[in-house]
Each structure stands twice: as structure tokens, then as C-alpha cells.
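This is what each chain is made of:
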Amino acid sequence: MKYAFQILEYSIFLLLTGCVTLYKPNTINSPLLKEKGDLHATAAFGLSGSGLYNIQSAYAVSDHIGIMINGMYHNSEFSSNNNSMERLNMYFGEAGGGYFSTFGKNNKGLFQCYGGMGYGSTTDKIENSTQVNPEVSAEYINVFIQPGIGHIEKNVEIAFDVRANYIRLYNIHAYLYENFEWWNTDFTYYSDTTLDFVNIEPAMTLKAGGDKVKAVFQLGVILPAINSKSYFDVNSSSIFVGPLLKFAIGINYTFGKKNTGK
């Protein structure tokens, strides 16, 4: 009877909050480096499909080699009339490097290809002062490769990149998940489960503004390619299609001398 009462109380709450989320992709860093010494920094908000807060940086160590470091933090809170609160917290960081080269008339075309890996951790739990608090947490690593092509003008830069993202979730711990399967009734992962999947993430990035400061707009999609069920298991909101669309806005600052557009 104790669990039956808790199930009834939480079920109403969960109809509003959704299901367990353990993974969201970060926004794609399209560096668009052109020459040695270029340093780009971007802060972006993921409005759909990706984590909420994203920080990106890229530096050209030579005229053809670049490195990048990216970070993401995502959090959300949902409350209900019965004083229950679902809290989701996700942290992620990655680093990589790659090759870039200009081409075409006035070197305004750009080919770039980057690869790297990252680490993240996430916790999704429900808190209630009068009830037990179910919690699901996990760690994950990702390995990515990201080829792309771009066009660079003085005040406008546009790029199309395709990221292949391999993700492995491990150390999954589901405190009381077995007693509260209604929290995520369509899925059957439990503590100590390991999940692997591959997503393909094409994205169009537009940077527009002044020589140094530009607004950033990014539109893309998430295409679960391998073990797609595992992806939906840990990001069940994507079943509703909308979260498979990625949209982000932000601001970019460029350090270093750029000859583009002269």
C-alpha cells in the first residue's frame, strides 16, 4: 500500500515532467579557423535538442592544424502541486583537434575536419520531503569525428558540418528505480547497465556581425544511427520528434588577425 500510494502521487507529477533523461548532445563547435594564431570563443544556448549552456573554443596552432575545447552544462527543474521536484543536472567536457585548409577564389572556401573525445556525468532525481526520492545517474564518454565545409566573408561565415558521435554510458545507478518502474515504463535499464549508441548530427552554423564579434545561429538534426533504442532509453523526450531538431543561438568572439574579406 505504501508503494501504491507513492505511485499514484508521483504518476500525476511525472505526466508533467516526462521521463528519465541521462544524455543530451552538446552544440557543435564549427571552428572556421583560417590561419595560424586564430582563436575563437563562443557561448551558446541550446534551445532545442542539446544541452542548455555551451562554451566552445578553438585555436589554430599552425596554418592547417587546430585544436578545440568545449564544455556543456544542462539543468532543469520541474515542480508539481504535491511539492515534488524533478531535478536534472548534466556536466560535459570534450577536447579534440583536426585539420583545416582554405580553397577557392580569395581563399574564402574552407574545409575542416576535427575529431576528439569527451566525458560527462548526469543525475536525474525526484525530491519530496515526505516520500522516498528515486534517482538515476550515469557517466558517459563520447568519441567524435566531424568533417565540414564552410564559406568565410568579412562579416558572415557559414558552415555545414556532420558529426558522427559514439556515446557509451556506464556506471548507471538507479536508486529505487526498480521500485518505481512507472518513472520510465517503456524502458528496462537498471543499475550497472552499459549502453552504447551512435548518432549522426548534421548541422548548419551561421556567424554574422562585425570583424571580432558575431552572433551565432545553429540548426541541425540528431539521427540515431546505431543502437537507436539505447539513445531513446536515455533521452526519451526525443521520441516526440521535436527534440531531434537542434537549434542554438549564441555569440562568438574572434581573437587574432584574419585576412578574410580583404
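Conventions adopted
Residues numbered from 1 in each chain as written. Predicted model: local features only at pLDDT ≥ 70, side-chain atom pairs only at ≥ 80, totals over all residues. Heavy atoms only, no water. Phe/Tyr/Trp six-rings, centres within 6.5 Å; stacked < 30°, edge-to-face > 60°. Buried < 20%, exposed > 50% of the residue type's maximum accessible area, 1.4 Å probe, protein only. Lys NZ or Arg CZ within 6 Å of the ring centre and 35° of its normal. Helix = DSSP H or I, 4+ residues; strand = E, 2+ residues; numbered from the N terminus. Polar contact = N/O pair within 3.5 Å; in protein donor to acceptor, adjacent residues only side chain to side chain. Salt bridge = Lys/Arg side-chain N within 4 Å of Asp/Glu carboxyl O. Core = buried A, V, L, I, M, F, W, Y, C linked by side-chain atoms within 4.5 Å. Contact = heavy atoms within 4.5 Å.

Asker: For this particular structure, what's the right way to read the packing of aromatic side chains?
Answerer: Here the distance between the centres and the angle between the planes together describe a pair of aromatic rings. Here the structure, examined in full by the defined rule, presents 10 aromatic pairs. When the centroid spacing of 4.6 Å and the interplanar angle of 65 degrees are considered together, the rings of Tyr253 and Phe255 count as edge-to-face. Overall, Phe255 belongs to the partly exposed group, its relative accessible area being 38%. Grouping aromatic residues by their ring pairs yields a cluster made of Tyr23, Phe92, Tyr140, Phe197, Tyr231 and Phe232. In this structure, Arg163 packs its charged tip against the face of Phe144, placed 3.8 Å from the ring centre.

Asker: Sorry if this is basic, but what is going on with the side chain of Asp38 here?
Answerer: By secondary structure assignment, the location of Asp38 is in the loop between α1 (2-17) and β1 (39-48). For Asp38, a relative accessible area of 0% puts it in the buried group. In this structure the side chain of Asp38 is engaged in a polar contact, spanning 3.1 Å, whose partner is the backbone nitrogen of Lys34.

Asker: Mind showing me how you'd approach the pattern of salt bridges here?
Answerer: Note on pairing: side chains with opposite charge can pair once their charged atoms come close. In total, this model carries 5 salt bridges according to the counting rule given. The partner of Glu94 in a salt bridge is Arg163, with the nearest N and O atoms 3.1 Å apart. With Glu94 in strand β4 (residues 85-103) and Arg163 in strand β7 (residues 156-175), this residue pair connects regions lying 69 residues apart in the sequence. Across the pair Lys229 and Asp233 runs a salt bridge whose closest N-O atoms are separated by 3.4 Å.

Asker: Which parts of the structure should I look at to understand the nonpolar core?
Answerer: General note: in soluble globular proteins, nonpolar side chains tend to be found buried as a group. With 20 residues, the main nonpolar core has Leu22, Tyr23, Tyr140, Leu169, Phe197 and Val234 as its most contacted residues. Among the elements that make up this core, the one with the highest residue count is β7 (4 residues). Once residues within four sequence positions are removed from consideration, Phe197 is found in contact with Tyr23, Asn165, Tyr166, Ile167, Leu169, Ile226, Asn227, Ser230, Tyr231 and Val234.

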